[in-house]
Amino acid sequence: MARTRRRSVLLLLLALTVLSPLALYTSRLPAALNPIQTRDFPGEITNQGRGVKADKLNAIPLETVSSLKEPVGIVFSEELGGLAKESTEFEGQELPLRKAGEHKSRVLSEVTAVADGTKVIEQVTRREAQDGGLVSAISEEHEKTTGSQQQSSSEESLLENMPKQTSAKVVVENSLTARTDGKTKNSILPGTRIQNIKDQLIKAKVYLGLGSIRANSQYLKDLRQRIREVQKVLGDASKDTDLPKNANEKVKALEQMLIKGRQMQDDCSIVVKKLRAMLHSAEEQLHAHKKHTVFLTQLAAKTLPKGLHCLPLRLANEYFSLDPDRQQFPNQHKLTNPKLYHYALFSDNILATAVVVNSTVLNAKHPSDHVFHIVTDRLNYAPMRMWFLSNPPGKATIEVQNIGDFTWLNDSYSPVLKQLGSQSIIDYYFGTNRANPDSNLKYRNPKYLSILNHLRFYLPEIYPKLDKMVFLDDDIVVKKDLTGLWSINMKGKVNGAVETCGESFHRFDRYLNFSNPVIAKNFDPHACGWAFGMNVFDLAEWKRQNITQIYHSWQKLNQDRLLWKLGTLPPGLITFWNKTFPLSRSWHVLGLGYNPHINSRDIERAAVIHYNGNMKPWLEIGLPKFRSYWSKYLDYDQPFLRECNINP
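In this convention, every chain numbers its residues from 1, walking through the sequence in written order. Predicted model: local features are reported for residues with pLDDT of at least 70 only, side-chain atom pairs are reported and counted for 80 or more only, and whole-chain, interface and lining totals are derived from all residues. To get the side-chain values, all heavy atoms of the structure are used, and hydrogens and water are removed first.

Turning to the overall build of the protein chain, a few remarks are in order. Secondary structure elements are defined from DSSP: runs of H or I of at least 4 residues count as helices, runs of E of at least 2 residues count as strands, and each element is numbered from the N terminus. The secondary structure content of the protein chain amounts to 23 helices and 10 strands. Three labels apply to residues, based on accessible area from a 1.4 Å probe with only protein chains included: buried if under 20% of the type maximum, exposed if over 50%, partly exposed otherwise in between. Per-residue burial over the protein chain gives 44% buried out of 648 residues. Across the protein chain, the fraction of contacts at a sequence separation of at least 24, relative to all contacts at a separation of at least 6, is 78%. In short, Shrake-Rupley with a 1.4 Å probe defines the accessible areas, and a residue's cover is counted only from the protein chains shown. Summed over all atoms, the accessible surface of the protein chain reaches about 35,800 Å², with 53% contributed by carbon and sulfur. The contact rule is simple, with two residues in contact once any of their heavy atoms fall within 4.5 Å.

Here is the structure:
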């Protein structure tokens, strides 16, 4: 009997040890399965350490159902975890709308309730009211020991544990509120605040043009006042630290006005239309400014600076005061010696010509073997001669000729000379056909009216006793000895030049009109272009292949400018088609007159650098970073330069 009693006691104890944990676990199971518990709601984490009251749970006021026109479309986004803006930066901005077809009744106040019917917001509020003091004390002690790093991790856990039924609005508000406690402001990117203020100003200006806003005169007056205040505090600030201390107060007042205006404005489509109109207007203004900039750049490139106008006048006056014997250059017997190194240079710019000659001579190994043949117009003939008489280029030989003395070069022989004097060209340049102008203003540059620009196609006629010449433009600088150009085997080609097909705009289709069948039938639109500016010409081969006649025939076909626009490069590409020998790129580097991004190593290795483009080094619009390469070859202490106030 006693044994039976002991067995019953043991079985009872065994049952208690097995069943009591099950009963305890079962009693807690409903609470564990409940997706939202008041003690686990992450809002507590967000509000730790601040001791706020229940009615100040969030820094941004919650919107009611009636104030929301569209439901929140994003429950959770990874981007929300990286928000670092202050709460005032986010006020007045709208969250993205829900995709079409989704349920539109789920808003902040309609999140899933717990089993007893108490809603999430009410639970968090009540819990904060009950435990706020304890949570605040614990949080303050916790922040003293862990710092901002622990706060950041608590914010991450906030986003990870957020119930899916909670809208993104709560996430954004809590995240922004937690980051405005003064400990994480250093994570905000510099200038973020200023950019946000500018965005708010744009939005405020849009509101000024809305019909419903303009109908409220008092609100319109207040909004204008707030805009002026914000513009005043913004001033010329370029970073957030430049803002005055009262900036937050002024911006906050503007944002409150915008919130009020948004409540007054029911139809967002009007705002969208207004923004689109502003965008269109801004694009039109930008286009007009760009067009005006191009015009002013072209005007500056065409205008003769005062110093360059003064210089030839001074030089001419000095030249005509010389005795005839002193007006002659020495070593004239070298001009026809084919064994020397001959250069052709056609220009009416005295300073530019001086730099080309000086840089070539100073970098030459044997300056006495170099001969420069300069041709200029009638107005600059005397000044050009006077410059080189008073500033002789060392032991090099100089010849200066007047293009007016070339009696054989007339309109009966040269088609381009006849075209330059035609009525159509005069109308083109002097505005009688402005109703249909060309879009590219560079084709109206007066240099295309000068026969000096086309004289390069008549080298054998000008220098019949020479076999090989190097042609130099007046906007180049020579940095190395060029005698190696005469020893290059051109393999029967007439022209030696550096190709410029690294970019698409340097190919044939950018210079010639391939919609014309004459061009399309004879040339490849993708053929590589090459550069005028530093060219080696085999004059003996030129005569054998009758290059000048080829040039004349194409000029006659282009009488109406239907094959190419004005200039010398397009007819050069045509004339020397399949007759050009490519030189190494180190001989000739281009673009210093328009491209500020040229590699400095390419410039240092180059034998010749070319300031092609509008930004010439002798103009104020020249690129400053490249000007020193040019100005180093001028002596600015020279009396004529000082008298004309020409400085580096």
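Past the structure itself, the notes keep going.
With that out of the way, let us pick up the pattern of salt bridges. Proximity of charged atoms lets side chains of opposite charge pair with each other. By definition here, a salt bridge exists when the distance from a side-chain nitrogen of Lys or Arg to a carboxyl oxygen of Asp or Glu is within 4 Å. Scanning the entire structure with this criterion turns up 6 salt bridges. The partner of D473 in a salt bridge is R456, with the nearest N and O atoms 3.4 Å apart. One end of the pair, D473, is in the loop between β4 (468-472) and β5 (476-478); the other, R456, is in the loop between α15 (423-430) and α16 (459-462), with 17 residues separating them in the sequence. Each of the two residues, D473 as well as R456, counts as buried.

Our focus in this paragraph is the sheet that holds strand β9 (residues 588-589). Strand order in the open sheet made by the 3 strands is β5-β10-β9, with mixed pairing throughout. This sheet does not close on itself; its edge strands, each paired only once, are β5 and β9. For two strands to be treated as a pair, DSSP must find at least two bridges joining them.

Below, the discussion takes up a nonpolar patch on the surface. Residues V9, L10, L12, L13 and L16 make up a contiguous nonpolar surface patch of about 490 Å² in total accessible area. With respect to the helices and strands, L13 occurs in helix α1 (residues 2-33). Residue classification places L13 among the partly exposed residues on the basis of a relative accessible area of 46%. Here a patch means residues that are over 30% exposed by relative accessible area and free of salt bridges, tied together within 9 Å if like-charged and within 5 Å if nonpolar (Val, Leu, Ile, Met, Phe, Trp, Tyr).

Let us look at a positive patch on the surface. A positive count includes Lys and Arg, and a negative count includes Asp and Glu. His and the chain ends are not counted in either. All charge positions are set by atom: Lys at NZ, Arg at CZ, Asp at CG, Glu at CD. Together, R214, R224, R228 and K274 make up a positively charged patch on the protein surface. By relative accessible area, R224 is classed as partly exposed at 37%.

Strand order in the open sheet formed by 7 strands is β3-β2-β1-β4-β7-β6-β8, and the pairing between neighbours is mixed. Only two strands of the sheet have a single partner each, and these edge strands are β3 (397-402) and β8 (580-582). Looking at each pair of strands side by side, their axes are set apart by 25° on average, direction ignored. Sheet topology note: the strand β2 (residues 370-376)/β3 ladder contains 6 bridges and is parallel. Each bridged residue has a counterpart across the sheet, and for T376 the counterpart in β3 is N402. Running over the sheet, helix α12 (residues 350-362) touches β1 (341-346), β2, β3 and β4 and is turned about 175° from β2. The strands touched by helix α13 (residues 378-390) within the sheet are β2 and β3, with β3 carrying the most contacts at an inclination of about 165°. Axis definition: a line fitted to C-alpha atoms, limited for helices to the stretch in contact. Angles are taken between N-to-C directions and run from 0 to 180 degrees.

A separate point is the nonpolar core. Throughout this description, the term nonpolar core refers to a set of buried Ala, Val, Leu, Ile, Met, Phe, Trp, Tyr and Cys residues connected via side-chain atoms within 4.5 Å. Judged by nonpolar contacts, the single largest core of 65 residues is most densely connected at L311, L485, L583, W587 and W630. Of all the elements, α12 adds the most residues to this core, at 8 residues. Excluding residues within four positions of it along the chain, W630 makes contact with L351, A352, V355, V477, Y611, P617, W618 and Y636. Formed by 41 residues, the second largest nonpolar core is a distinct cluster that contains F471, I519, A527 and L573.

Relative to the elements of secondary structure, R385 occurs in helix α13. One buried charged residue, R385, forms no salt bridge at all, with the nearest opposite charge on E399 at 7.7 Å. In terms of polar contacts, R385 uses its side chain to reach the backbone carbonyl oxygen of V400, at 3.2 Å. Ignoring anything within four residues of it in the chain, the contact list for R385 reads Y319, Q327, Q328, F329 and V400. Polar contact is defined as a pair of N or O atoms within 3.5 Å, subject to the rule that within protein one atom must be able to donate a hydrogen and the other to accept it, and that residues adjacent in sequence are counted only when both atoms are side-chain atoms.

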